[in-house]
Every structure is written in structure tokens, then in C-alpha cells.
Amino acid sequence: MITCGIVGVTGYAGLELLKLVEQHPTIHLEKAISDSRAGMTLSELYPWLQTGAQQLEPFQADALVGIDVLFLATPSGVSADYIRQLECFDGVVIDLSGDLRLPSNLYETWYGKPPVAAFIQTEAVYGLTEWSRDKLLTAKWISNPGCYATAVSLALVPFVQHDWIDPTNIIVSACSGITGAGKGLSEKTHHAKSNENVQLYKIHTHQHIPEIEQTLNTWSGTKATVSMSTHLLPINRGIMATITVQPNDDVSEDEWVHRLQNVYGDEPFIRVQQGEPEIKSVVGSNYCNLWVYKEERTNRLTIVSVIDNMQKGAAGQALQNANVRFGLEETLGLLSQPQYI
Ligand SMILES: NC(=O)c1ccc[n+]([C@@H]2O[C@H](COP(=O)([O-])OP(=O)(O)OC[C@H]3O[C@@H](n4cnc5c(N)ncnc54)[C@H](OP(=O)(O)O)[C@@H]3O)[C@@H](O)[C@H]2O)c1
């Protein structure tokens, strides 16, 4: 049995992790950690979930002895504070925030917060699972990718790695359900404002842009540049990223589909599809669905990627990374089908 702790179990990603871990055959929840609700039991916090009487505890680094893996489902900046206290922790840390994803200078520029110690940033393994397995096997710090970054990077890494497209000409239009913003209420996420509305936000300034560029550069050795606009949709879950690129090869649409299927054919969570993309095809699951279309008139490609922001975009991928890190079957606890309806 592998023991885990979830920090921020009262938040959306923490709750998703809790639900997944509750059904995991090998990873067992030892510590449910919450600073704001310490003292409550899980069954008081989530009476609709069959969790039992485990008590929520405040974060205390020295109380974590014996925990094999600690998930930090906390906001950027808050994770960094906890990470600074975890230098002597013996287990594996999987951080769902952006605090371990970028080198210090880029982190300060895009997040506007003080970075964690440079040696931790350097040691951290970026856990885009399908492309990081070898490094994950020995990682102490695992940086779980951002939700938009996961959707876009899974779509694009094969294209830049094989030099199929111009890496300096990538345009992303992406949209997310409201849970992507976390449970805290803001003017943007208030029901009256978000319902029956589509809001464009952080145009060209979203903090996942440097993360995507870094990923594409890492796996291609080129200098990728990405323009990205992000939108908030009046739905609970799901991300759709529509990506426009300039191909280097003049081949048919069928050939592009075939190339992508060749890359991802054996992946349990990536499905290369044909037909019309929709978010519901992944919501409630850990799948990433990909489509590729050729526009004959302009010779551009449109690549579409959909994920559930809280599963493949957060808690699902975090658990997938834990499965890989501890040598377990990678799909354990993660094979639920999309809810669809
Ligand atoms: N939601 C998504 O779709 C998604 C996707 C990818 C990555 N992430 C990342 O996962 C992390 C958690 O996201 P989330 O959506 O679950 O956020 P959330 O719903 O706002 O929950 C965050 C949790 O962090 C804890 N926390 C501790 N100090 C805090 C502080 N100063 N301010 C706010 N919360 C604090 C809170 O729990 P206690 O007060 O009980 O300790 C809270 O429940 C974030 O870093 C986020 O960027 C989220």
C-alpha cells in the first residue's frame, strides 16, 4: 500500500483527487490536509461522498513522516510556501500549481511571485505523463502541468518533435469550463456574469504560454512561439483548444491523422479521432481526444484537443504521474468513462 496526503482537499482539484484516490486499489489516503477546515471530518465536509470519519488536519511538515506521496492542490504561491517547508520531507511531492513549472526568471515574470529555491525548480520533473515517464521514475518533486498546457502540449509535441510544422507560427484559441478558475468567487466567475456568457480573458498573457513554449522547445530543440487567447465558458468542466499551424509537409488530411495515430496509438488516455470535436467526449474522464484537419484552401492545419480540466488537466494526470512514479499500472484508478450526459 502507498500512502498519500492531499493538501487543499477542500478545493476543486483536491476534491477530484480525493474521489479518485478513494477508488484507487493501491494508493491510500492517510492525510486530508486543510488549513481552513482543520478539525472537520471528510464526511462533514462532503456528506454526499462515502468517505468516513477521517479528520482534516492543518499543514504541518513534521507530521508527514511516512507519507509516500503528497499532492499539493493549492494555488500558486501557496504551494511554494509549503514546498519551502518540505525540503526534508522523505516522500514524493506532486504540485498541481504553477510553482515548479518554470525557471525562476520566467516564473517571476509570468506569476509575479517569489520563486522557490532554484535547486528545487531544477530538480522538479515536468509531469506531462506521456512524454515524461523515464524521468518520473526517480523524481522527488513532480510539477503537474497546467490544464491548458496539457491540452495544447499533447496536441503539439508530435508536430514539433518531427518537424512537421513551423514552430514559430502557432496560434491557439482555447476555452475552459468555470471550475478551471477554482472554487473562489470572483466577478468573472459569479453566476450572473458567467452564465449564458463567453468571456475572453488574459489575452496573450496567460501564464500557460511560457509553459507550452518551454515544453515544445524541450521536446523539439527548436524555438517555439505561441500566441494564445483563453475564454471562459458557462459550463462546469472541460477544455477545448483549437490550434492553427503551418505545416512543413504537403500531405493529405488522412496522412496527418495517420501520423498522429502512429505516435499515440498505444497510449491508454490519448485518442486520435475523426468527426466533430466536443468537450463532452472527455468530461469526467482522464482522456485527451485529438483531431487534425487540413484546410486545403490555405494549406494550414487545425488541431483540436479536448480534456477534462480537473482530470487530465489536474487530478487525473497527478494520479497518473503517481502511478508511474511508484511503478504501478499507469491506468490504475483512472479508467472511468466520460460522463457524456
Ligand atoms: N481547477 C482546475 O481545473 C485546475 C487545473 C489544473 C491545475 N489546477 C491547479 O490546482 C491548484 C488547486 O486548484 P483548485 O481549482 O482546486 O483551487 P481551489 O478550488 O481554489 O482550491 C484551492 C485550495 O487550496 C487551499 N488554500 C490554501 N491556502 C490558500 C489561499 N491562500 N488561497 C486559496 N486557497 C488556499 C484551500 O484549501 P484549505 O483552505 O482548506 O487549505 C483551497 O480549497 C491550483 O494551483 C490550480 O492552478 C487547477
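Values in this document were obtained by computation on a predicted structure and should not be read as measured data.

## A word on the UniProt feature "active site" (unreviewed entry) in the protein
The residues that UniProt annotates with the feature "active site" (unreviewed entry) are Cys-147. Dropping the residues within four chain positions of it, Cys-147 is found in contact with His-208, Ile-239, Ile-307, Asn-309 and Gly-313.

## Some remarks on helix α7 (residues 147-161)
Look at α7: 21 Å from first C-alpha to last across 15 residues, which is about the 21 Å you get at 1.5 Å a residue. Largest kink in α7: about 35 degrees, centred on Ser-153. With 14 of 15 residues buried, α7 is to be regarded as a mostly interior element. Immediately downstream of α7, the backbone of Asp-163 shows phi near 60 degrees, a positive value.

## Considering the pattern of salt bridges
A complete count under the given rule lists 14 salt bridges for this structure. Ionic pairing is found between Glu-296 and Lys-294, a salt bridge with its closest N-O pair at 3.8 Å. Bridged by salt links that share partners, the residues Glu-16, Lys-19, Arg-237 and Asp-308 form one connected network.

## Re helix α10 (residues 253-264)
Over its 12 residues, α10 extends 17 Å from the first C-alpha to the last, a length consistent with the 16 Å expected when each residue adds 1.5 Å. Of the positions making up α10, those classed as buried are Trp-256, Val-257, Arg-259, Leu-260 and Tyr-264. One side of α10 holds all its buried residues, which, seen down the axis, span an arc of 160 degrees. Of the residues in α10, the exposed ones pointing more than 90 degrees away from the buried face are Asp-254 and Asn-262. Here the buried face of α10 lies against α6 (129-136), α7, β11 (239-247), β12 (270-272), β13 (288-295) and β14 (300-307).

## Let's talk about the pairing of strand β1 (residues 2-7)
By the criterion of burial, β1 is predominantly enclosed, with 6 of the 6 residues buried. Because side chains alternate across β1, one face comprises the buried residues Ile-2, Cys-4 and Ile-6, and the other comprises Thr-3, Gly-5 and Val-7, equally buried. Examined bridge by bridge, β1 and strand β2 (residues 27-33) share 6 bridges and lie parallel to one another. Paired with Val-7 across the bridge in β2 is Ile-33. Handedness of the crossover joining β1 and β2 through helix α1 (residues 12-22): right-handed. Bridge count between β1 and strand β4 (residues 69-72): 4 bridges; the pairing is parallel. Bridged to Val-7 within β4 is Leu-72.

Conventions we followed
Residues numbered from 1 in each chain as written. Predicted model: local features only at pLDDT ≥ 70, side-chain atom pairs only at ≥ 80, totals over all residues. Heavy atoms only, no water. UniProt positions renumbered as here; feature names shortened; annotations may be inferred. Contact = heavy atoms within 4.5 Å. Helix = DSSP H or I, 4+ residues; strand = E, 2+ residues; numbered from the N terminus. Expected span 1.5 Å × (residues − 1). Bend = angle between axes of the 7 residues up to and from the residue. Buried < 20%, exposed > 50% of the residue type's maximum accessible area, 1.4 Å probe, protein only. Salt bridge = Lys/Arg side-chain N within 4 Å of Asp/Glu carboxyl O. Arc of directions from axis to C-beta. Pairing = 2+ DSSP bridges. Right-handed = clockwise from strand over helix to strand, strands pointing away.

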